[in-house]
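The chain contents come next:
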Amino acid sequence: MKEALLEINNLCVDYVSPNGIARAVNNVSLTIGRGETLGIAGESGCGKSTLAFAIARLHKAPALISEGQILYNGRDVLKMSDKELRLFRWNDVSVVFQSAMNSLNPVITIGEQLTDVILAHKQVSYKEATAKAVELLAIVGLPGDRLQSFPHQLSGGMRQRVVIAIALALEPKLIIMDEPTTALDVVVEREILNELYDLKEKFGFSILFISHDLSLMGEIADRIGVMYAGNLIEFGDAKTVFSKPSHPYTKGLISSFPTIHGPKERLYGIPGDPVNLLSLPKGCNFNPRCADCMDMCKVDEPKLLDLSVDYQAACHKL
Amino acid sequence: MGTNNTPEVVLSVKNLIKDFPIGQSNNKKNFMRAVNDVSFDLRKGEALAIVGESGSGKSTGARILTRIYDKTGGDITFKGQPLQEFVEEHGTLEYARQVQMIFQDPFGSLNPVHDIYHHIARPLLIHKRGDKETIKKLVYELLELVGLFPAVETAEKYPHQLSGGQRQRVAIARALAVDPEVILADEPISMLDVSVRLGILNLMADLKDKHGISFMYITHDIATARYFAEKTAVMYVGHMVEWGASDSVTQTPQHPYTQLLLSAVPEAGKSGRRDLGAKKGEIPLWKPTSKGCPFATRCPRVLDKCSDSFPAITKVADEHFIRCHNI
Amino acid sequence: MNNTISQDANAPAHTSEFKKKFKLAIKKTRAFFHGNPPAIIGGFLITVILLGALVGPVFAKHDPNKRVARPHVAPNAEYILGSTRSGRDVFSQVLTGARKTLSVALFAGLIATVLAVGVGVTSGYLGGKVDEWMNFITNVFLVFPQLPLLIVLAAFLGQVGSMVITILLGVTSWPWGARVIRSQTMAIRNKEFIVSAEVMGESKLRIILVEILPNLVSIVFGGFLGTVIYAMGAEAGLGILGLGDATEVSWGSMLYWAQVSSSLYTGAWWEMIVPASALALTGGALALINMAIDQVSNPKLKTGPHMKIWHRMNKETKQRRGLV
């Protein structure tokens, strides 16, 4: 059993909107081990990005982390002072956002953005920072002369590599990646994934990988957690989640992806629409769309049950 | 003309070329070639998937067919008549009625200040489909046809009150309102939630099978292309490199680019580094003066003559063609 | 063949539909004001001012143009806001003057807005050569110095009546709005619902009027209010310089006479402060309404009643975690 690097206990994140309070993350508990890749899958509104941002305490008003703890190596991130938080961020945890064009400053060169990060956290000279920046670019497979380029001069794949390089700048133990390849073409995505495999082997960091693409997660993650409407509804070993899912939502999600090589049959996905967090149904959040819905499902919210060692699902049918 | 087995051709494109100017419109005119020598047929009640990455020119083709852009070269034939002739004889409105388009962004395809009723009634009004009572009935029928129940309630809503999937259904209803022959769908599901995508694809499949509408399905996802369309064509930098029956193209791809695409797709359980065999080359910006095969810079099977001429069409199987010098 | 197709598919056919829409309008207005302090205060002020301008002169006991009191009488029961140097009732003047000043400001705002929308939307939507030419014209008008132009004209013509001021202000204040509207139109123009309307065969004019303009309502209205505030200030500015018609009663001319009679210096502060406050209050009220519209049309702004709830919850959470 790997020692847990990050432990999240009963985390709740609320959004206060003019129309009411939406609970984006509801009582989620999970752990990430050292060197592990944990995938969080779900669709829009399920709370996966909210969960990820909570770890680095990136939420501003009107979002609020109302309950729970996030233990990084035993220390509660939510109780950290501003100074401790500053040391924590980027040294221990860094974030790769979905669209590189959104996270790179369009009017500053790549080199400056890299050196800015290094200089903000380490007491080194500008020359040393630049040398480190060149090293980082090499690690992600980009030539050093790209230091002078602006983001718009690079292709989408190259920009994403730069963002990964920035995330690696201080050699963190945990990198949170929020849909890092969704905006990229499949060939470029494959190149980035290859890069990630190499980097993981070399540096041994943990990854919290967020995506809606279950096949991608089935490939790169060690364990997968599936979220729906703020709840963690299935959590366990990646291969099992993908090949023998327990929760009806997970089953529906997996059958929403037509395969290239499988038999050509009609698939049905999941009927209905993703849930509105401001008007959640009574009982299980998934019951309006569930084919196996029972009477109990409309009244009681299912809790996460231990189905086997290190495998949980939240469903009344189990 | 169709035989007993093959449906008749509704829309036929031969050697289509489209150039765009780059740089200032007044200064030295430099052109880039977005579509080069592309040919395909759309048959009645059949779907053709155009698969390609960004920059492959797939969307440009659709926009030429809906006359948003003018073609630079090649021939387009609609129902046996050259496009220009058809438009002159029947009018632009009639062509617009028969060839409709659905867009990628469900948030952008509906005007936020108008309610759903307005969106679907407008095309009916423009094409004079009847008086107010008839149109009202048609609107509700269309909403039910695309699976939006209850129709009356949905018609009163505004776009921001609907989910992405529902908006896309409204867009389909709007396209259907005028009884089109052809629907061009430009990445209709890529911005939707995963669980909703199949609902839309199944809806389009039903419209294709039950109403005989021809579809051109543009996508970057070859798996959904195989799922939905009978025929698939693969495009790279404005060139069509492989096409034919979807099963044949996706199960036994012959062109090195198609093989590259298929080997790059993530597969659960197949963890670990996957070298694709493609060289690290630049994706070229194609110009009217460019020569040869656009994939030459990255092709693992490249030959000398690949930089000289774009390959001719080779038939590799029944209903399966590629353009490659090195088969 | 049916030729009697109603263009507006939403036209209410029965009174019940009309009642429904009326109720919806009331509901929307209430929602607009709820928890929106700028809207409430601004709305209240502007209503008072408009009412004052419309029916005020009826309540003015004295004729604003006649000498009815001794000069520079301090405010008292008879002359609520005192009297001017020439013995005219300030209260009656400020009510009558409101009409003149506000109508100049509103009509100038209207002219400028119509021009801005016309130029902005056309050049934004049509693009190409039309856009180039209209941009050129916009830039020319943008650098016109309005006040110096008015001053020169006044000097040339002797005195400028309020009609001339209205037209001039209207015709020189549109460029800024036109630019904003142009860029907004260009942003909307490329959205798929416009392309879709074109593919469906809608005429260009109809697209501009029905598809694009309704999306621009909030910035057009905001621009209108901004121009009104500006025109009010410009009218007052010209008035105080003596370039307006000093014989007509307006807030600007009141300021002029107050300045000429050195009212502040002689201690008759009411002659100057009253019209100045009227201007400030009206300008402030309009600005508040602008803010209110912003708040409603842009819910992502971090203001509103829900923020109070957030602050309270945040504080509670911090206490529970032992951070305070």
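Caption draft 1: Highlighting the overall build of chain A. A count of helical and extended segments in chain A gives 10 helices and 12 strands. Scaling as 2.2 N^0.38, a compact globule of 318 residues should have a C-alpha radius of gyration of about 20 Å, and chain A matches this with 20 Å. Structurally, chain A occupies a C-alpha span of about 65 × 50 × 45 Å along its principal axes. Taken over 318 residues, chain A has a buried fraction of 56%. Taking the contacts inside chain A whose residues are at least 6 apart along the sequence as the reference set, 63% of them involve residues at least 24 apart. Here chain A has roughly 13,600 Å² of accessible surface; of this, 52% comes from carbon and sulfur atoms.

Caption draft 2: Spotlight on the overall build of chain B. Secondary structure assignment for chain B yields 11 helices and 12 strands. Taken against the 2.2 N^0.38 rule, which gives 20 Å for 327 residues, the C-alpha radius of gyration of chain B at 21 Å falls within 12% of a compact globule. Overall, the C-alpha framework of chain B stretches about 70 × 55 × 50 Å when taken along its three principal axes. Burial statistics for chain B: of 327 residues in total, 55% are counted as buried.

Caption draft 3: The interface of chain A and chain B, seen in detail. Each partner contributes residues to the interface: chain A has 41 residues there, and chain B has 40 residues. Approximately 3,400 Å² of surface area, both sides summed, lies buried where chain A meets chain B, with 52% of it carried by carbon and sulfur atoms. Counting the surface chain A buries against chain B, the share from its top three residues, A:R190, A:I260 and A:K264, is 20%. Here chain A is connected to chain B by four salt bridges. A salt bridge links A:K264 to B:D247, with the nearest nitrogen and oxygen atoms 3.9 Å apart. At the junction of chain A with chain B, the criterion picks out 24 residue pairs in polar contact (both at pLDDT 80 or more). Elements represented by at least two residues in the side of chain A that touches chain B include exactly α7 (186–203) and α8 (214–220) of chain A. Among the residues making up the side of chain A that touches chain B, the classes are represented as 14 nonpolar, 12 polar and 15 charged.

Caption draft 4: Representation of the nonpolar core. Counting residues in hydrophobic clusters, the biggest one holds 67 residues, and the most contacted among them are B:I120, B:I172, B:M204 and B:F228. Sort the elements by how many residues they give to this core and helix α8 (residues 194–211) of chain B lands first, with eight residues. In contact with B:I120, other than residues within four places in its own chain, are B:V139, B:L142, B:L143, B:V170, B:A173 and B:A177. Ranked by size, the runner-up nonpolar core spans 65 residues in total, among them A:V96, A:M158, A:I166 and A:Y249.

Caption draft 5: View of the state of the cysteines. One pass over the structure, following the stated rule, counts zero disulfides over all chains. Its sulfur unpaired, A:C297 is 4.6 Å from the next cysteine sulfur, which belongs to A:C293. For A:C297, a relative accessible area of 8% puts it in the buried group. Cysteine B:C306 is unpaired, with the sulfur of B:C293 as its nearest cysteine sulfur at 6.0 Å.

Caption draft 6: Representation of the interface of chain B and chain C within the structure. At the interface, 30 residues of chain B touch 25 residues of chain C. Taking both sides of the interface into account, the surface hidden between chain B and chain C amounts to around 2,400 Å²; carbon and sulfur atoms contribute 58%. Between chain B and chain C we count one salt bridge in total. Its salt-bridge partner being B:R122, residue C:E202 comes within 2.8 Å of it at the nearest N-O pair. The tally of links between chain B and chain C comes to seven residue pairs in polar contact (both at pLDDT 80 or more). It is helix α4 (residues 116–126) of chain B that provides the largest number of residues to the side of chain B that touches chain C, a total of seven residues. Of the residues belonging to the side of chain B that touches chain C, the class tally is 12 nonpolar, 10 polar and eight charged.

Caption draft 7: Quick look at the side chain of B:T219. Residue and element names in this part refer to chain B. With respect to the helices, strands and loops of the structure, T219 is situated in strand β8 (residues 214–219). In terms of polar contacts, T219 uses its side chain to reach the backbone amide nitrogen of D221, at 2.9 Å. Those residues within four positions of T219 in sequence are excluded, and the remaining contacts are I50, V51, G52, K58, E187, T224 and A225.

Caption draft 8: Here's a closer look at the environment of A:L114. Residue and element names in this part refer to chain A. With respect to the element layout, L114 can be found in helix α4 (residues 110–121). Accessibility expressed as a relative area gives 0% for L114, which makes it buried. Remark: the alpha-carbon pair of L114 and P274, spanning 160 residues in sequence, is separated by 39 Å. Once you skip the residues sitting within four places of it in the chain, L114 turns out to touch A133, L136, L137, L147, A165 and I166.

Caption draft 9: Local environment of the sheet that holds strand β1 (residues 4–17) of chain A. Residue and element names in this part refer to chain A. Spatially, β2-β1-β4-β5 is the arrangement adopted by the four strands of the open sheet, whose pairing is antiparallel. Here the strands that pair on one side only, and so sit at the sheet edges, are β2 (20–33) and β5 (75–76). Note: strand β4 (residues 63–72) against β5, two bridges, orientation antiparallel. Bridged to L71 within β5 is D76.

Caption draft 10: Structural detail: the environment of B:A225. Residue and element names in this part refer to chain B. Summarising the element assignment, A225 is placed in helix α9 (residues 222–228). Looking at A225, the relative accessible area reads 0%, which means it is buried. Sequence-wise, A225 and A312 are 87 residues apart; in three dimensions their C-alpha atoms are separated by 25 Å. Ignoring anything within four residues of it in the chain, the contact list for A225 reads A49, V51, Y217, T219, T232 and S246.

Caption draft 11: Layout of the pattern of salt bridges. Residues and elements named next belong to chain B. Counting across every chain of the model gives 37 salt bridges over all chains. A salt bridge links E181 to K44; the shortest N-O distance between them is 3.8 Å. Of the two residues, E181 sits in the loop between α7 (164–176) and β7 (182–186) while K44 sits in the loop between β2 (30–43) and β3 (47–51), which places them 137 residues apart along the sequence.

Caption draft 12: Representation of the packing of aromatic side chains within the structure. The final tally for this structure, using the stated rule, is 21 aromatic pairs over all chains. Note on B:F78 and B:Y95: the rings are 5.3 Å apart at their centroids and 85 degrees apart in plane angle, and the pair reads as edge-to-face. With B:F78 in strand β4 (residues 73–78) and B:Y95 in helix α3 (residues 92–98), the pair connects residues that are 17 residues apart, well separated along the chain. As far as burial versus exposure is concerned, B:F78 and B:Y95 are alike and both buried. Taken together, the aromatic side chains of A:Y228, A:Y249 and A:F286 make up a single cluster linked through ring pairs. Its end group placed over the ring of B:F20, B:K18 keeps NZ or CZ at 4.9 Å from the ring centre. Taking the ring centre of B:F228 as reference, the NZ or CZ of B:K208 above it sits at 5.5 Å.

Caption draft 13: View of the packing of helix α9 (residues 204–240) of chain C against helix α10 (residues 251–260) of chain C. All names here are of chain C. Packing of α9 against α10 brings their axes to within 7 Å, and their N-to-C directions diverge by 30 degrees. In this structure, α9 crosses over α10, and the sense of that crossing is right-handed. Counted together, E235, A236, G239 and I240 of α9 and G252, S253, L255, Y256 and Q259 of α10 form the full contact between these two elements.

Caption draft 14: Representation of the sheet that holds β3(B) within the structure. All names here are of chain B. The strand order β6-β7-β8-β3-β9-β10-β12-β11 describes an open sheet built from eight strands, whose pairing is mixed. A strand with exactly one partner marks an edge of an open sheet, and here the two such strands are β6 (99–102) and β11 (314–317). Taken over all neighbouring pairs, the strand axes of this sheet differ in orientation by 20 degrees on average, direction set aside. Summarising the sheet, β3 and β8 pair through five bridges and their orientation is parallel. What sits directly across from L48, in β8, is M216.

Caption draft 15: Representation of the side chain of C:E235. Within the element layout of this structure, C:E235 appears in helix α9. Aside from chain neighbours lying at most four places away, what touches C:E235 is C:T101, C:V104, C:L169, C:S250 and C:G252.

Caption draft 16: Inspection of the confidence of the model for chain A at higher detail. Of the residues in chain A, 99% have a pLDDT of 70 or more, and the chain-wide mean is 88. The spread of mean pLDDT over the elements of chain A runs between helix α3 (residues 100–103) of chain A, the lowest at 78, and strand β3 (residues 37–41) of chain A, the highest at 94.

Caption draft 17: Up close: unusual backbone geometry. Residue B:P150 is reached from B:F149 by a cis peptide bond, and omega for that bond is -10 degrees. Looking at the secondary structure, you find B:P150 in the loop between α5 (132–145) and α6 (151–155). A positive phi angle, close to 50 degrees, is found at A:E171, a residue other than glycine. Among the secondary structure elements, A:E171 is positioned in the loop between α6 (156–168) and β7 (174–178). Although it is not a glycine, B:E319 adopts a positive phi angle of roughly 60 degrees. Tracing the backbone through its elements, the reader meets B:E319 in the loop between β11 and β12 (320–322). Using a relative accessible area of 37% as the deciding quantity, one classes B:E319 as partly exposed.

Each value, and the rule that gives it
- Residues numbered from 1 in each chain as written.
- Chains lettered and ligands numbered in written order.
- Predicted model: local features only at pLDDT ≥ 70, side-chain atom pairs only at ≥ 80, totals over all residues.
- Heavy atoms only, no water.
- Helix = DSSP H or I, 4+ residues; strand = E, 2+ residues; numbered from the N terminus.
- Rg over C-alpha atoms; globule rule 2.2 N^0.38 Å.
- Buried < 20%, exposed > 50% of the residue type's maximum accessible area, 1.4 Å probe, protein only.
- Contact = heavy atoms within 4.5 Å.
- Areas by Shrake-Rupley, 256 points an atom, 1.4 Å probe, with all protein chains shown as cover.
- Buried area = accessible area lost by both parts, 1.4 Å probe.
- Salt bridge = Lys/Arg side-chain N within 4 Å of Asp/Glu carboxyl O.
- Polar contact = N/O pair within 3.5 Å; in protein donor to acceptor, adjacent residues only side chain to side chain.
- Nonpolar A, V, L, I, M, F, W, Y, C, P; charged D, E, K, R; others polar.
- Core = buried A, V, L, I, M, F, W, Y, C linked by side-chain atoms within 4.5 Å.
- Disulfide = S-S within 2.5 Å.
- Pairing = 2+ DSSP bridges.
- Phe/Tyr/Trp six-rings, centres within 6.5 Å; stacked < 30°, edge-to-face > 60°.
- Lys NZ or Arg CZ within 6 Å of the ring centre and 35° of its normal.
- Axes fitted to C-alpha atoms, helices over the stretch in contact; angles between N-to-C directions.
- Left-handed = near helix turned anticlockwise from the far one by under 90°.
- pLDDT = per-residue confidence, 0-100.

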